[in-house]
Amino acid sequence: MKDTLKHRGKRNLLANILIEKGIEDTKVIEAIKKVPRHLFLDSSFEDHAYQDKAFPIGAEQTISQPYTVAFQSQLLEVKQNDVILEIGTGSGYQTAVLLQLGARVYTIERQSQLFKKNKLFFPKMGIRPKKAILGDGYKGYPEEAPFDGIIVTAGAPIVPKPLLAQLKIGGRLVIPVGVEDQIMTLFVRKSELEFEKQEFGSFKFVPLLENKN
Ligand code: SAH
């Protein structure tokens, strides 16, 4: 599969839908216009790639809905060269959007099947995270902490303490919290011990699972 003018046209239409739905950050919208989402899906879903929908990517996982990717990216307020930790690499689409926003990205996936697929897929696509890690996102990635931002792309039944601990002062954790549905939640680290918490709308994610492969 290739990226063609037709695909770019569809991405522009998708970007307009996201703007209508309330995404205001122009850098995020530009990133959505640039990343060829159809290449992150099985070719049989090509026609659906630019609808604002989640889709299966194997191993019972999904590529997040574009609106969700845009919403989380917007809350993260990525600045050039920010060091970002992503929990739940999945298809790598959100990873690619973060890189497009100028972030330096560490990304963790617990499913070895998806991790292995990305080992081949990322270089082919020119997607260059600082590191893609096979492991348990509940623990974060202490080796490279603290982070400017942490984004969790699976539904977390609880807020893992290590993730809060691995934020810089001023750093942002964007995490959907809940079991059936999730409330999009933003934590901003104000000081060593203080976190400001804000809640946004309700979303639906696959669960953040404990590492019991
Ligand atoms: N960002 C992805 C969304 C994938 S869905 C995308 O754009 O496609 C969420 C992903 O989180 C799944 O791939 C799932 O395997 C992974 N996941 C679930 N629990 C995890 C954990 N504890 N640590 C790391 N990844 C986890």
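Residues numbered from 1 in each chain as written. Predicted model: local features only at pLDDT ≥ 70, side-chain atom pairs only at ≥ 80, totals over all residues. Heavy atoms only, no water.

An unreviewed UniProt entry lists the protein under the name Protein-L-isoaspartate O-methyltransferase, with Cellulophaga lytica given as the organism. According to the UniProt record, the Sequence similarities (unreviewed entry) comment for the protein is "Belongs to the methyltransferase superfamily. L-isoaspartyl/D-aspartyl protein methyltransferase family." (UniProt positions renumbered as here; feature names shortened; annotations may be inferred.)

A.B. asks: Would you mind going over empty space enclosed by the protein with me for this structure?
C.D. replies: If a probe the size of a water molecule is rolled over the atoms, the empty space left behind becomes visible. Evaluated as defined, the whole model comprises 1 cavity of 30 Å³ or more. Its boundaries defined by the atoms lining it, the largest cavity holds a volume of some 30 Å³. Thr89, Thr107, Glu109, Phe115, Asn118, Phe122, Ala132 and Ile133 together form the lining of the largest cavity. Residue assignment for the lining of the largest cavity shows that the elements contributing at least two residues are β4 (104-109), α5 (112-125) and β5 (131-134). Per-element accounting of the lining of the largest cavity gives the leading share, 3 residues, to α5. Residues of the lining of the largest cavity, tallied by class, amount to 4 nonpolar, 3 polar and 1 charged. (1 Å grid on protein atoms, 1.4 Å probe; cavity = no way out; pocket = protein on both sides within 12 Å on 5 of 7 lines; lining within 4 Å. Points joined across faces, edges and corners; volume = space filled by probe spheres on them. Helix = DSSP H or I, 4+ residues; strand = E, 2+ residues; numbered from the N terminus. Nonpolar A, V, L, I, M, F, W, Y, C, P; charged D, E, K, R; others polar.)

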